[in-house]
Amino acid sequence: MILKGRDIAQAQIPLLRQTAQNIQNQLQIPVTLHIVSVGDDPASQVYISMKKRKGSEVGIHVEVHQLDKDTDQKNIEMLIAHLNQDPHAHGIIVQLPLPSQINKDTILNMIHPLKDVDGLSATSQGLLIQQNPTLVPCTPLGCLHLIKEVYPDVSGKTVTIVGRSCLVGLPLSLLLIQENATVTLCHSKTIDLKKHTLSSDIIVMACGTPHLLTEDMVSQNAVVIDVGISRLPSGEIVGDADFENLYQRVNVITPVPGGVGPMTVLYLLHNTLKAAILQNNLSNISTIK
Ligand code: NAP
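Criteria and thresholds
- Residues numbered from 1 in each chain as written.
- Predicted model: local features only at pLDDT ≥ 70, side-chain atom pairs only at ≥ 80, totals over all residues.
- Heavy atoms only, no water.
- Helix = DSSP H or I, 4+ residues; strand = E, 2+ residues; numbered from the N terminus.
- Rg over C-alpha atoms; globule rule 2.2 N^0.38 Å.
- Buried < 20%, exposed > 50% of the residue type's maximum accessible area, 1.4 Å probe, protein only.
- Areas by Shrake-Rupley, 256 points an atom, 1.4 Å probe, with all protein chains shown as cover.
- Lys, Arg positive; Asp, Glu negative; His and termini not counted.
- Charge placed at Lys NZ, Arg CZ, Asp CG, Glu CD.
- Near = heavy atom within 4 Å.
- Polar contact = N/O pair within 3.5 Å; in protein donor to acceptor, adjacent residues only side chain to side chain.
- Contact = heavy atoms within 4.5 Å.
- Axes fitted to C-alpha atoms, helices over the stretch in contact; angles between N-to-C directions.
- Parallel < 35°, antiparallel > 145°, perpendicular 65-115°, else oblique.
- Left-handed = near helix turned anticlockwise from the far one by under 90°.
- Nonpolar A, V, L, I, M, F, W, Y, C, P; charged D, E, K, R; others polar.
- Disulfide = S-S within 2.5 Å.
- Pairing = 2+ DSSP bridges.
- Right-handed = clockwise from strand over helix to strand, strands pointing away.
- Salt bridge = Lys/Arg side-chain N within 4 Å of Asp/Glu carboxyl O.

1. Focus on the overall build of the protein
Logical step 1: Each helix and strand in the protein was counted, giving ten helices and ten strands.
Logical step 2: For 289 residues, the compact-globule estimate of 2.2 N^0.38 gives 19 Å, and the protein sits close to it at 19 Å.
Logical step 3: Taken along the three principal axes of its C-alpha coordinates, the protein extends 55 × 45 × 35 Å.
Logical step 4: Each of the 289 residues in the protein was classed as buried or not, and the buried ones make up 49%.
Logical step 5: Counting only carbon and sulfur atoms, one obtains 51% of the accessible surface of the protein, whose full area is about 13,400 Å².
Logical step 6: Between the averaged position of the 21 positive side-chain charges in the protein and that of its 25 negative side-chain charges there is a distance of 3 Å.

What follows is the structure, encoded as structure tokens:
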């Protein structure tokens, strides 16, 4: 079966729209996400316009702060400090990658924990490790949602995640461990990747290496969640799994594009609503469970 994240995400839009409306009714201002963008990376511009489009579908106002590629660290820090104080700014994200003159971690760690809707600050990640998360990175939340479409209870399932970044693999491993799955976290130094993937119920590919997961590396019952996005020299966008040769062999696989990507945007909007709820103690309003 092909698990289409795009359709699953779209089905959640009415709930998010209702939640955004409920919050706006109480606060008398629209929920607002602020995106800090530095430079003109073409892929980043595509992602930003997608976030704006889906935001307006839900009723979340998305404001982009476009800074010059030569902007210095101080300028970005001043902007984040201002947004941290602004009660009209419910969510703040810094579009990555940042130019080389900028210290990414310093910037991410400055974002107020209740506005950190990408969940990438040290505080947000630390709270996740302590099993007391506030705002969790969006792609892992999207992956977990997709996995639960197949296995509502992942307790006891074996999961191999390929990729250990703070953005995807590492936080997803924590979420799955907290749900009592048994997780193997692989990376570029892993010896014999196939040994791990072949014996896993669930495989999450998040390494950015096109077509790394091939037919001989999976069991027929496997559920494959493909996070990877790579552009081939031909211009084609592909994932980390060899989709063409896998989709008829495995139990479930997500496509690229149209799989994890739309779920990531969905959970960014969810996190923005959750941030507005937390900042204003609106405990009577809920968003996606
Ligand atoms: P990243 O920070 O570059 O991390 C890549 C991870 O993959 C690292 O842990 C690396 O190992 C590991 N790796 C690289 N090559 C490998 C190989 N041949 N075998 C095993 N492990 C390997 O990347 P990221 O930010 O996590 O993103 C990963 C992919 O997901 C990219 O294609 C990105 O575009 C995509 N992505 C998609 C979404 C979405 O919404 N669909 C969101 C975020 C990212 P080491 O740690 O040893 O270097």
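2. Some remarks on the site of the ligand
Logical step 1: Contacts to the ligand come from 20 residues, most closely from Arg164, Ser165, Ser188, Ile229 and Thr264.
Logical step 2: Between the ligand and serine 165, the relevant distance is 2.5 Å, taken from an oxygen atom to a side-chain nitrogen or oxygen of the residue.
Logical step 3: Across the complex, the protein chains shield 68% of the 930 Å² of accessible surface that the ligand would expose by itself.
Logical step 4: The biggest single contributor to the shell around the ligand is helix H10 (residues 260–279), with three residues.

3. Brief notes about helix H7 (residues 169–178)
Logical step 1: What H7 keeps buried is the set Gly169, Pro171, Leu172, Ser173, Leu175 and Leu176.
Logical step 2: Buried positions along H7 lie against helix H5 (122–129), helix H6 (138–150), strand E4 (158–162), strand E5 (182–186) and strand E6 (202–205).
Logical step 3: One or two positions beyond H7, positive phi appears at asparagine 180, with a value near 70°.

4. Remarks on the packing of H6 against H10
Logical step 1: Between H6 and H10, the shortest axis-to-axis distance is 8 Å and the interhelical angle comes to 115°. Between H6 and H10, the angle falls in the class roughly perpendicular. Crossing of H6 against H10: the hand is right-handed. Here Cys138, Thr139, Leu141, Gly142, Cys143, His145 and Leu146 of H6 lie close against H10, whose contacting residues are Val260, Met263, Thr264, Tyr267, Leu268 and Asn271.
Logical step 2: By residue class, the composition of the contact of H6 with H10 is eight nonpolar, five polar and no charged.

5. Topic: the side chain of threonine 160
Logical step 1: Structurally, the position occupied by threonine 160 is in strand E4.
Logical step 2: Among the residues examined, threonine 160 registers a relative accessible area of 1% and is labelled buried.
Logical step 3: There is a polar contact of 3.2 Å between the side chain of threonine 160 and the backbone oxygen of histidine 196.
Logical step 4: Ignoring any residue separated from it by four or fewer positions in sequence, one finds threonine 160 in contact with Thr184, Cys186, His196, Thr197, Ser200, Ile202, Ile203 and Val204.

6. As for the state of the cysteines
Logical step 1: If you walk through the whole model with that rule in mind, you get zero disulfides.
Logical step 2: Of all cysteine sulfurs in the structure, the one in cysteine 138 sits closest to cysteine 143, which takes part in no disulfide; the separation is 11 Å.
Logical step 3: Cysteine 186 carries a free sulfur, and the closest cysteine sulfur to it, the one in cysteine 207, is 10.0 Å from it.

7. Some thoughts on the pairing of strand E2 (residues 61–67)
Logical step 1: Note: strand E1 (residues 32–38) against E2, seven bridges, orientation parallel. Within E2, the position partnered with valine 36 by the bridge is histidine 65.
Logical step 2: Handedness of the E1-helix H2 (residues 42–58)-E2 crossover: right-handed.

8. Quick notes on the pattern of salt bridges
Logical step 1: On inspection of all chains with the given rule, the structure shows three salt bridges.
Logical step 2: Measuring nitrogen to oxygen at the nearest pair gives 3.0 Å for the salt bridge that ties glutamate 57 to lysine 54. Placement of the pair is glutamate 57 and lysine 54 together in helix H2, with a separation of three residues, close to one helical turn.

9. A short note on the sheet that holds strand E3 (residues 91–94)
Logical step 1: Taken together, the three strands give an open sheet; going across it, the order is E2-E1-E3, and neighbouring strands pair in parallel fashion. Every interior strand has two partners, whereas the edge strands, E2 and E3, have only one. Sheet twist, expressed as the mean angle between neighbouring strand axes with direction ignored, is 20°.
Logical step 2: Two strands pair when backbone bridges link them, and E1 and E3 are joined in this way by four bridges, in the parallel orientation. Following the sheet pairing, histidine 34 is matched in E3 by isoleucine 92.
Logical step 3: The strands touched by H2 are E1, E2 and E3; relative to E2, the strand with the most contacts, the crossing angle is about 160°.

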